[in-house]
Structures are given as structure tokens and as C-alpha cells.
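Residue strings, one per chain:
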Amino acid sequence: MNLVAIDWGTSSLRGALLDAAGRVLDERSAPRGILSVPAGEFGAVFESLVGDWMRGPGRPRCLISGMAGSKQGWVEAPYCACPAGLTEIATKVILVDGDRIALVPGLSVEHDGVPDVMRGEEVQIFGAIALTGQRDGLFVLPGTHNKWARVADGRVTGFRTFMTGEFYALLGTHSILSRTIDTQAPLDEAAFMLGVAQAGNNEGLLHNAFGARTLSLFGRMGAADLASYLSGLLIGEELRTQSLHAKGEVVLIGAPALTRRYELALHASGVASRTLGAEATWAGLQALSRTLYP
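First, a word on what this report is: a plain description of the structure on this page.

Cut-offs and rules
- Residues numbered from 1 in each chain as written.
- Predicted model: local features only at pLDDT ≥ 70, side-chain atom pairs only at ≥ 80, totals over all residues.
- Heavy atoms only, no water.
- Phe/Tyr/Trp six-rings, centres within 6.5 Å; stacked < 30°, edge-to-face > 60°.
- Helix = DSSP H or I, 4+ residues; strand = E, 2+ residues; numbered from the N terminus.
- Buried < 20%, exposed > 50% of the residue type's maximum accessible area, 1.4 Å probe, protein only.
- Lys NZ or Arg CZ within 6 Å of the ring centre and 35° of its normal.
- Pairing = 2+ DSSP bridges.
- Axes fitted to C-alpha atoms, helices over the stretch in contact; angles between N-to-C directions.
- Contact = heavy atoms within 4.5 Å.
- Expected span 1.5 Å × (residues − 1).
- Bend = angle between axes of the 7 residues up to and from the residue.

## Considering the packing of aromatic side chains
Right, so step 1: If you walk through the whole model with that rule in mind, you get 3 aromatic pairs.
Right, so step 2: Relative to tryptophan 74, the ring of tryptophan 8 lies with its centre 6.1 Å away and its plane at 70 degrees, an arrangement referred to as edge-to-face. Of the two residues, tryptophan 8 sits in strand E1 (residues 3-8) while tryptophan 74 sits in the loop between strand E4 (61-66) and strand E5 (80-81), which places them 66 residues apart along the sequence.
Right, so step 3: Take tryptophan 8: its relative accessible area is 0%, and that puts it in the buried class.
Right, so step 4: Residue classification places tryptophan 74 among the buried positions, given a relative accessible area of 18%.
Right, so step 5: Over the ring of tyrosine 293 we find arginine 61, and its NZ or CZ is 4.1 Å from the ring centre.

Structure representation (C-alpha cells):
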């Protein structure tokens, strides 16, 4: 049976029609993230994007991951507590619009009484497990809110979120640094690695970030280089908190523009990595589908 796989995020909506073997038959996307959909209109937006797929041969089922299952989404799918694998997640899916459309819950974990959550990334992790066969180790998902997840025997045992992407955007657009850096500039690997190295000086991000101001003040870096340098500082600070060498090969999942930076920083630390992109989402939803509908 075919599967309609949906990744419905905050700012965008993506869909893929998968055959029984998980091969992509068709893909579609629209700028209709949950923030652009008024309450009560999620069904109509869904129909406009993939309604014809749902009426296709065999009447496919649909799995939806991402923010469509949040409190601001179509219907809330409460978080599934870690440790969790496909079996635990399958018991927590929420049916909407009959029994053929299901929303995937995110994952939650506690750190010293403070909760941490992910929604959508868990599907990518299970997709990466299916694609690589790596059922143990560290899985990293760069983005606005980066996720570092620990996996053991195919189950997510815990994870931590880092607001690295959002801090970069804030510093680059709303701080004094915004006057002297070009956040639209392409990656300069040399400047980026200088920032990664500087983050290892144990002086802390609050001090090191000011260096992006003074390097401009003294004419030692231009606006384009400083954007990469600041990115290196932030990612270097993130990596500084990890016990990388005990984890083996790191699996990176995300857009090439971001995963490339983590590849560089990890390599400088002597850590091997492999990278996956959007295919991890479709593979994860297909894996969950096989658990739900054996």
C-alpha cells in the first residue's frame, strides 16, 4: 500500500507519495506552515496539497510529522517520553479525519527537572537508523534549534536542544554585531574554523562573541568573513559541551548548508561523521508506517 508522508513544520509543508517499498513516487511542497493556517482550516490545506493522493489506488494511509501535531497545529499529539522507539511512538499517534490520517507525536525528556522536546526530528532519526543501519550512537540535527540525540538499540534514549541557529540570527540582526557582519555571505571555511578554534579557549561565548565586534573595529576581518567566524564561535561552543570521542561516528541530518559546518567542526575534533538530508524524513515515516500497519 502507498503511503502519503507529510512533514508539516512552522513555516512550510512538504509531502511525498511513497510506494510499499518506500520509494518516492511524487513530491510536493507549499509555504503553508502551521503559522499560516487559521484554526479549523488544516483539513482544507491538506486536501489542497495531497487530496488526490489520498483518493489514489488502494486508498493510501497518511502519516504527518512536525508541528502539525503541536498545540498550535491541526490536533495536538502529546509528546512521547524517552526512551522511545518506533513501537512506543506508534502507540501515541493521534488519528484525525477518520482512521487514515495520523499525527506523529514528538519526544520529550527531562534534564534536572527541566523538560526538553523535539517534534519532527524524531522521525528523521528513525529514518537515519533505517537508511544507515546504525542503531547506536549520536545523531545531530542542525537547525534553528539543534538536537543532539543519543540512540541505543534503535531507541532514542535522550537528547538535548541547543538554540544555536536562533542565537546566530539574533546576534546577526539585532545586536551591535549586525552592523559589521553580512549574514547572507557564503561560508568561508577558514574564518569559520578560526571561530571554532576560538570557542575552545574556555573564555565562554559571552566574551568570545564580542571579538566579532573588535575584529571588525581593528580591520582584521570583513563583513563576510565575520559571519562565518561568528557561526564558528557558536557551533564551537555547542561542540565544546559534548563528549564526542565516546560516541563513535556521528550521524548528521539536515540541510547541506548547515551539516557542512558541523562536518568541518567535528573533523577538526577528530570525529568522523556521515550526513543525510531530506530523505531521512520519508524513510522515518515509512518505518513508522510498517510498525503501525504490519
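## Regarding the sheet that holds strand E10 (residues 137-141)
Right, so step 1: Sheet architecture is open: 5 strands sit in the order E12-E11-E10-E13-E14, paired in mixed fashion. Edge positions in the open sheet fall to strand E12 (155-162) and strand E14 (273-276), since each of these has one partner strand only. Each strand of the sheet is rotated relative to its neighbour by a mean of 20 degrees, with strand direction disregarded.
Right, so step 2: The pairing of E10 with strand E11 (residues 146-152) spans 5 bridges and is classified as antiparallel. Its bridge partner lying in E11, leucine 138 is registered against arginine 150.

## A short note on the sheet that holds strand E6 (residues 94-96)
Right, so step 1: The 6 strands lie next to each other as E3-E2-E1-E4-E7-E6, forming an open sheet whose pairing is mixed. Each having just a single partner strand, strand E3 (24-30) and E6 make up the two edges of the open sheet. Neighbour-to-neighbour, the strand axes of this sheet turn through a mean angle of 20 degrees, independent of strand direction.
Right, so step 2: Inspection of the sheet shows E4 paired to strand E7 (residues 101-103) by 3 bridges, in the parallel sense. Among the inter-strand pairings, isoleucine 64 is bridged to a residue of E7, identified as leucine 103.
Right, so step 3: Lying on the sheet, helix H10 (residues 279-292) is in contact with E1, strand E2 (13-18), E3 and E4; it crosses E1 at an angle near 125 degrees.

## What to know about helix H1 (residues 42-54)
Right, so step 1: The terminal C-alpha atoms of H1 lie 15 Å apart, and with 13 residues this falls more than 12% below the ideal 18 Å at 1.5 Å per residue.
Right, so step 2: Remark: the principal bend of H1, roughly 65 degrees, maps to serine 48.
Right, so step 3: When we look at burial in H1, the residues that qualify are Phe42, Val45, Phe46, Leu49, Val50, Gly51, Trp53 and Met54.
Right, so step 4: Summarising the contacts, the buried residues of H1 are in contact with E1, E2, E3, E4 and E7.

## Let's talk about the pairing of strand E13 (residues 250-253)
Right, so step 1: Here E13 shows no split at all, with Val250 and Leu252 on one side and Val251 and Ile253 on the other all buried.
Right, so step 2: Here E10 runs beside E13; their pairing, made up of 3 bridges, is parallel. Opposite leucine 138, over in E13, you have valine 250 as the bridge partner.
Right, so step 3: The pairing of E13 with E14 spans 4 bridges and is classified as parallel. By the bridge assignment for E14, leucine 252 is matched with threonine 275.

## Some details on the environment of methionine 163
Right, so step 1: By secondary structure assignment, the location of methionine 163 is in the loop between E12 and helix H4 (164-174).
Right, so step 2: Owing to a relative accessible area of 40%, methionine 163 belongs among the partly exposed residues under this scheme.
Right, so step 3: Taking C-alpha positions, methionine 163 is 34 Å from arginine 23, a pair spaced 140 residues apart along the chain.
Right, so step 4: For methionine 163, the contacting residues outside a window of four places in its chain are Thr144 and His145.

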